[in-house]
Structure formats: C-alpha cells, structure tokens
Amino acid sequence: MPKRLTVVVSQGQSNNPAKRKLEEDIVASLLFEPGIEVTIVPHLYDLKADGPGIMGLQAITTDFVVISWLYERATRWTLDRNNIRGQEGTTLLVHETDEDEDDLLDDEPADEDKLRVIENRPLPNRLIYCIDLRVSNQVADYVDEVKRIQKEISTQVVQLGGLGAAPSPTPQQLERVANPTNDTALKEGGELEKPAVIEPFRIEEDATRRWYPVIDYSRCTNCMECIDFCLFGVYGVDGAETILVEMPDNCRKGCPACSRVCPENAIIFPQHKTPTIAGSDEVAGGGLKIDLSQLFGKPKEDEKSLDTAVRERDEQLLLAGREAVGEAVGVPKRQAQKDDRAKDELDDLIDAVDDLDI
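These numbers were taken from a predicted model, which means no experiment stands behind them. (Residues numbered from 1 in each chain as written. Predicted model: local features only at pLDDT ≥ 70, side-chain atom pairs only at ≥ 80, totals over all residues. Heavy atoms only, no water.)

Draft legend 1. Region of the structure containing the overall build of the protein chain. When its secondary structure is counted, the protein chain shows 12 helices and 10 strands. Within the span of the protein chain, comprising 358 residues, buried residues form 41% of the whole. Look at the contacts in the protein chain between residues 6 or more apart in sequence, and 76% of them connect residues 24 or more apart. Of the roughly 19800 Å² of accessible surface on the protein chain, 50% is carried by carbon and sulfur atoms. (Helix = DSSP H or I, 4+ residues; strand = E, 2+ residues; numbered from the N terminus. Buried < 20%, exposed > 50% of the residue type's maximum accessible area, 1.4 Å probe, protein only. Contact = heavy atoms within 4.5 Å. Areas by Shrake-Rupley, 256 points an atom, 1.4 Å probe, with all protein chains shown as cover.)

Dropping the structure here:
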C-alpha cells in the first residue's frame with residue numbers, strides 16, 4: 001500500500017496565465033492520486049516567518065514534496081531558515097545543467113579542512129523533496145515524479161518497518177479522520193464513496209514580494225565575511241555564534257552584494273536574475289569549470305565580484321541617505337592578503353583565460 005505523501009504547491013508571484021494553468025493542472029491531477037494530499041501556499045520566499053503559510057508547513061512532520069518556482073537549493077534553504085528541515089530527497093526532475101554537476105564536483109579538490117555549519121546541525125529523520133516548476137511545462141512530468149517519490153518512500157517504509165516511533169499525524173490527516181473524504185468515507189456494505197468535488201488544502205496569506213538573503217549551511221563555513229560587509233543590519237549570530245539572517249526585511253531590494261563576497265557561494269537570493277546567485281548549481285560558462293585558485297592563487301573573477309559588490313553596496317548606502325564607504329569597510333579578509341607584486345607572464349596567462357568566451 002502506498003505511503004501517504006503531502007505535496008506542497010507554492011504559487012508564483014505573478015498571475016501569469018501559463019504559470020497559473022501549470023500549477024492548477026498539476027494540483028488537479030494529483031488530487032485523484034491515491035495517498036496524495038495537496039497543499040497550496042503562496043510563493044514560498046514571500047511567506048512571513050509567523051504567518052499561516054509557514055506555520056502550516058511546520059505542521060507537516062512526515063516526508064513531503066515542495067513544487068515551487070525556485071531552484072531546488074533555494075527552496076531547501078528557504079524552508080530551513082523557517083525551521084522546516086529534513087534529509088535531502090533526491091529529485092530526478094532537474095534542470096539539464098544540474099545533471100552533470102556531480103561529475104564536475106568530482107574533479108574539484110576537496111576542502112577537508114573546512115568545517116561546514118551543517119555538520120553541527122542534526123536533521124530530522126524525514127525526507128524533503130524540492131522540485132522547480134521551471135524544469136518542464138508538462139504536467140505529466142511532475143505527476144510522474146511525485147508518484148515515483150511516493151513509491152520510493154513507501155519502499156523505504158517496508159524496508160525499515162518497526163524501527164523507531166511512528167511519525168505524528170499531520171493536521172490534514174487528523175482532519176480526514178474527523179471528516180472522512182475520498183479515501184476514508186465508506187458506503188453501507190464497505191464500498192468506497194467518492195465525493196462529487198475534491199479540493200486541495202489551501203493556505204491563504206496576504207504575501208507581498210520580499211527580498212532577503214538565504215544561507216546554504218551545507219556550504220557556509222561561518223567565516224562572518226557577510227556580516228562584516230553588510231552595513232544594513234541584515235545578519236546576526238545565534239546563541240552558538242553561528243551566522244544567520246536576523247533582520248531579513250532590512251535587506252535592500254535588488255542588492256545581492258553580500259553573495260558576491262561570500263567565499264563559499266553560500267548566500268542565495270532566490271529572486272535574482274543570475275542563476276548562480278538565485279540558487280542554481282549551474283556552472284558559469286556553460287559547463288567548463290577551471291579552478292585556477294588551486295593552481296595560481298585567488299582567481300581574477302573574485303576581484304571583479306568584490307568590485308561589483310562594493311559598487312552595489314555604495315549605491316544602496318547613497319539611496320538610504322548614507323555615505324559611500326568603498327573598500328574602507330568590511331572588505332573580505334582574503335582581500336587583505338592580495339599580492340601587490342607586478343604582473344608576470346603567469347598573470348598574463350590567467351588574464352587571457354579569464355577573457356575567453358567559454
């Protein structure tokens with residue numbers, strides 16, 4: 001018997017007819033799948049931490065799927081910042097550029113000396129699957145992937161049955177017990193009675209568009225360069241002195257400067273137009289990845305990113321009626337060790353590689 005699975009559909013920020021139709025068609029198709037419970041929420045990134053949307057998601061204690069208009073990594077860490085955590089479920093419906101990601105990462109030298117924040121953060125024993133609605137415009141692709149996930153977790157239940165305590169029922173499940181629906185209501189004689197209309201569980205919230213950073217703790221080393229660089233009071237630390245986004249709504253709309261200075265690419269702005277800043281694992285340059293830092297020191301591209309970040313921060317300071325500070329405040333620590341020697345032939349070679357259009 002398939003295990004019951006909750007599927008959360010996070011609606012897009014706009015009322016684009018094509019996007020709305022894709023969402024509605026996915027919901028309509030999943031409603032008639034046995035063992036699938038569908039919950040609809042506004043755009044995940046816009047939900048308030050104390051609003052009904054996040055509280056509704058926090059009430060889900062079992063495995064679940066989130067289908068949204070965000071990159072998988074952005075979805076996962078947006079959930080995490082709202083204390084909605086679990087093990088990473090493997091999704092097969094991904095962007096084409098993500099399919100070769102593991103092969104590229106295998107070629108990278110391992111940073112064994114760096115402790116990632118996630119290593120000190122135990123995760124609940126449940127799976128969270130994140131699917132990006134931009135991967136396909138075919139409803140069947142999403143329905144088939146959800147059915148595959150349901151089969152996967154049902155198989156795991158059979159294999160691990162009897163180990164540990166059973167998870168607490170979700171509010172939706174309790175509601176179904178109190179008010180039988182399509183899979184619990186029985187006619188006289190034991191026949192299954194199907195209601196005339198099946199509706200998803202919809203969480204309403206007056207969500208407005210927001211802009212704030214999301215930290216990927218699987219990459220973050222707690223170096224604190226973001227809190228040093230940001231001058232708008234966005235970042236703070238918790239009781240364990242771990243970096244966190246303390247005042248998200250202090251962030252200046254459209255400014256991704258802190259993500260550019262992060263040495264681990266751990267800061268995500270899910271709504272940014274650049275995929276790598278928005279949470280994609282896409283490799284810049286269309287697939288060719290050359291780690292010059294391992295051969296010759298810090299790559300020139302990082303210096304360009306710093307220049308851009310300083311400019312973006314100064315622009316926001318001026319818009320806020322404050323003075324521009326340039327590189328005088330919060331410049332990443334690794335910049336202090338930059339070599340000021342005159343360029344040699346090796347530097348010219350690196351510059352030539354940087355300028356290649358690949």
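Draft legend 2. Up close: the environment of A328. Tracing the chain through its elements places A328 in the loop between helix 11 (300-319) and helix 12 (345-354). Through-space distance from the C-alpha of A328 to that of V310 is 9.7 Å; in sequence the pair is 18 residues apart.

Draft legend 3. Spotlight on the packing of aromatic side chains. Counting across every chain of the model gives 3 aromatic pairs. With a centroid separation of 4.3 Å and an interplanar angle of 20 degrees, the aromatic rings of Y45 and Y212 are classed as stacked. Of this pair, Y45 sits in the loop between strand 2 (36-41) and helix 2 (52-58) while Y212 sits in the loop between strand 6 (201-202) and strand 7 (214-215); the two residues are 167 residues apart in sequence, bridging distant segments of the chain. According to the relative accessible area criterion, Y212 is buried, its value standing at 0%. Positioned above the aromatic ring of W69, the side-chain terminus of K19 is 4.9 Å from the ring centre. Directly above the ring of F229 sits R313, whose terminal nitrogen or CZ lies 4.0 Å from the centroid. (Phe/Tyr/Trp six-rings, centres within 6.5 Å; stacked < 30°, edge-to-face > 60°. Lys NZ or Arg CZ within 6 Å of the ring centre and 35° of its normal.)

Draft legend 4. A look at the sheet that holds strand 6. Pairing in this open sheet of 6 strands is parallel, and the strands run 4-5-3-1-2-6 from one edge to the other. Across the chains shown, the open sheet's two edge strands, defined by having one partner strand only, are strand 4 (87-88) and strand 6. By the bridge criterion, 5 bridges tie strand 3 (residues 64-68) to strand 5 (residues 127-132) in an arrangement that is parallel. Opposite I67, over in strand 5, you have I131 as the bridge partner. Relative to the sheet, helix 1 (residues 17-31) contacts strand 1 (5-10), strand 2 and strand 3, its axis offset from that of strand 2 by approximately 155 degrees. (Pairing = 2+ DSSP bridges. Axes fitted to C-alpha atoms, helices over the stretch in contact; angles between N-to-C directions.)

Draft legend 5. Here's a closer look at the pairing of strand 3. The buried count for strand 3 comes to 5 of 5 residues, which makes it a mostly enclosed element. The alternating pattern of strand 3 places F64, V66 and S68 and V65 and I67 on opposite faces, both of which are buried. Looking at chain direction, strand 1 and strand 3 are connected through 4 bridges and run parallel. Paired with V7 across the two strands is V65, which belongs to strand 3.

Draft legend 6. Seen up close, the pairing of strand 1. Taken across its 6 residues, strand 1 has 6 buried, putting it largely inside the fold. As paired strands, strand 1 and strand 2 are joined by 6 bridges and run parallel to one another. Directly across from T6, in strand 2, lies its bridge partner E37.

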